[in-house]
Every structure is written in structure tokens, then in C-alpha cells.
Amino acid sequence: MINLPLIDDIYLRHVFDTLAMMDVHLDSDPLVYGPKRLNAKVALCREHLSKCQQIYLQLADDFH
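An account of the accompanying structure is given in this report. (Residues numbered from 1 in each chain as written. Predicted model: local features only at pLDDT ≥ 70, side-chain atom pairs only at ≥ 80, totals over all residues. Heavy atoms only, no water.)

## A few points about the packing of aromatic side chains
Taken as a whole, this structure holds zero aromatic pairs when the rule is applied. It is Arg 37 that lies over the ring of Tyr 33; its NZ or CZ is 4.0 Å from the centre. (Phe/Tyr/Trp six-rings, centres within 6.5 Å; stacked < 30°, edge-to-face > 60°. Lys NZ or Arg CZ within 6 Å of the ring centre and 35° of its normal.)

Next comes the structure, spelled out in C-alpha cells:
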């Protein structure tokens, strides 16, 4: 017997809440704060992108 993952409203709400929290506030003039701050924001965007890819792969596997 195949054990299928449980995909319910709670699971989907968790996915949407996780995606909704992925927010990066950009500075109007990033050059004022220097490259370190801009680099940190780019790194945060990369973390969010990696998490989105993980969520996508998990959902694709769940719905397969």
C-alpha cells in the first residue's frame, strides 16, 4: 500500500504563510549604506529563493 502525504487546508495554509513571510525591504538609495548591507539583502533574497525551490519540489512530489 502506498502512503500518500496528507495535503489539507492546514498544510496549504502553512505553505502560503511561509511564502508570505519572505519579504525583503529594499533601501531607496542602497549606496548610502555601503556594499555590506546590499550584500546582506542579496543573500537574504537567495535564501528566500532556495526556500521557494524547496517548497516547489516538495509540493510537486506531494501532488505527483
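## A few points about the pattern of salt bridges
Evaluated as defined, the whole model comprises three salt bridges. Between Asp 27 and Arg 37 there is a salt bridge, and its shortest N-O distance comes to 2.9 Å. Note that Asp 27 is positioned in the loop between helix H1 (9-20) and helix H2 (35-63) and Arg 37 in helix H2, a separation of ten residues in sequence. Among the residues examined, Arg 37 registers a relative accessible area of 37% and is labelled partly exposed. The partner of Lys 41 in a salt bridge is Asp 27, with the nearest N and O atoms 3.9 Å apart. In this pair, Lys 41 is assigned in helix H2 and Asp 27 in the loop between H1 and H2, connecting sequence segments 14 residues apart. Within this structure, Asp 27, Arg 37 and Lys 41 form a network of salt bridges that share partners. (Salt bridge = Lys/Arg side-chain N within 4 Å of Asp/Glu carboxyl O. Helix = DSSP H or I, 4+ residues; strand = E, 2+ residues; numbered from the N terminus. Buried < 20%, exposed > 50% of the residue type's maximum accessible area, 1.4 Å probe, protein only.)

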